[in-house]
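Observations on the three-dimensional arrangement
In case you want the letters, here they are:
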Amino acid sequence: MKLHELYPFPEERANRKRIGRGRGTGWGCTAGRGNKGQNSRAGAKTRAWFEGGQMPLARRLPKRGFKNYPFRVIFQPINLDRLLASFDGKDSITLDDIYDRGLAPAGALVKILSMGDIAAAITVEAHKFSAKAVEKITAAGGKVIALGTPEALAETPTE
């Protein structure tokens, strides 16, 4: 195959529609915009949700319910198999180790999930653990250190 054999040939390609180039083209005069009105003006664009000054639908409908977006707590999940593969032969894993290894972004809340098997006794430190993960780690003779969320720690009374 050569460059001149590639499709589509130049004569098969449709020409660009040249708007506003005289009445003989069929797209002259008002250039396909119709007569008068907001959309006929140069530079006039309306947003997709604009309803011509009518009260928009998003404001007409009643707002109901509670939105928890600003207050939700997001955990970075890490499965046991991935954790053990990253720290092969280590007997204790701290949060700093998890951050340093790149398993979770620094400062993120970490939750350990139970996918995978554990054979050796290991101490794992994280903010939260699933019930099955705790069960698997303690059954192997390991120890779980649950730090809790920073919000929960702030609420607990200290004496």
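Residues numbered from 1 in each chain as written. Predicted model: local features only at pLDDT ≥ 70, side-chain atom pairs only at ≥ 80, totals over all residues. Heavy atoms only, no water.

1. Describing the pattern of salt bridges
Rules: Only one rule defines a salt bridge in this text: a Lys or Arg side-chain nitrogen within 4 Å of an Asp or Glu carboxyl oxygen.
With the rule as written, the count across this model stands at two salt bridges. With a closest N to O distance of 3.1 Å, R60 and E51 form a salt bridge.

2. Re the nonpolar core
Note the following rule: We define a nonpolar core as any set of buried Ala, Val, Leu, Ile, Met, Phe, Trp, Tyr and Cys residues linked to one another through side-chain atoms lying within 4.5 Å. For every residue, the accessible area (1.4 Å probe, protein chains only) is compared with the maximum for its type, and the residue is labelled buried under 20%, exposed over 50%, or partly exposed between those bounds. Helix numbering and strand numbering both begin at the N terminus, where a helix is a DSSP run of H or I of at least 4 residues and a strand a DSSP run of E of at least 2. Throughout, a contact is declared for two residues whenever any of their heavy atoms are within 4.5 Å.
Formed by 19 residues in total, the largest nonpolar core has its most connected members in I78, L83, I98, V110, I112 and V124. Looking at this core, the elements that each hand over two or more residues are α2 (80-86), α3 (95-101), β3 (109-113), β4 (123-126) and α4 (131-139). In terms of residue count, the dominant contributor to this core is α3 (three residues). Among residues more than four places away in sequence, those in contact with V124 are L83, I93, I112, F129, I137, K143, V144 and I145.

3. Describing a nonpolar patch on the surface
The test is simple: Candidate patch residues must exceed 30% relative accessible area and have no salt bridge, after which like charges are joined if within 9 Å and Val, Leu, Ile, Met, Phe, Trp or Tyr side chains if within 5 Å. Values of accessible area rely on a 1.4 Å probe in the Shrake-Rupley scheme; residue burial ignores everything except the protein chains shown.
Residues M1, L3 and L6 make up a contiguous nonpolar surface patch of about 410 Å² in total accessible area. As for its placement among the helices and strands, M1 is situated in the segment before α1 (57-60).

4. Re the side chain of S40
What counts is decided by this rule: Polar contacts here mean pairs of N or O atoms no more than 3.5 Å apart (in protein, one a potential hydrogen donor and the other a potential acceptor; neighbouring residues in sequence count only if both atoms are side-chain atoms).
For S40, the location among the structural elements is in the segment before α1. By relative accessible area, which is 18% here, S40 ends up buried. Only 2.7 Å separates the side chain of S40 from the backbone oxygen of G37, close enough to count as a polar contact. When neighbours within four sequence positions are excluded, S40 is seen to be in contact with R33 and G34.

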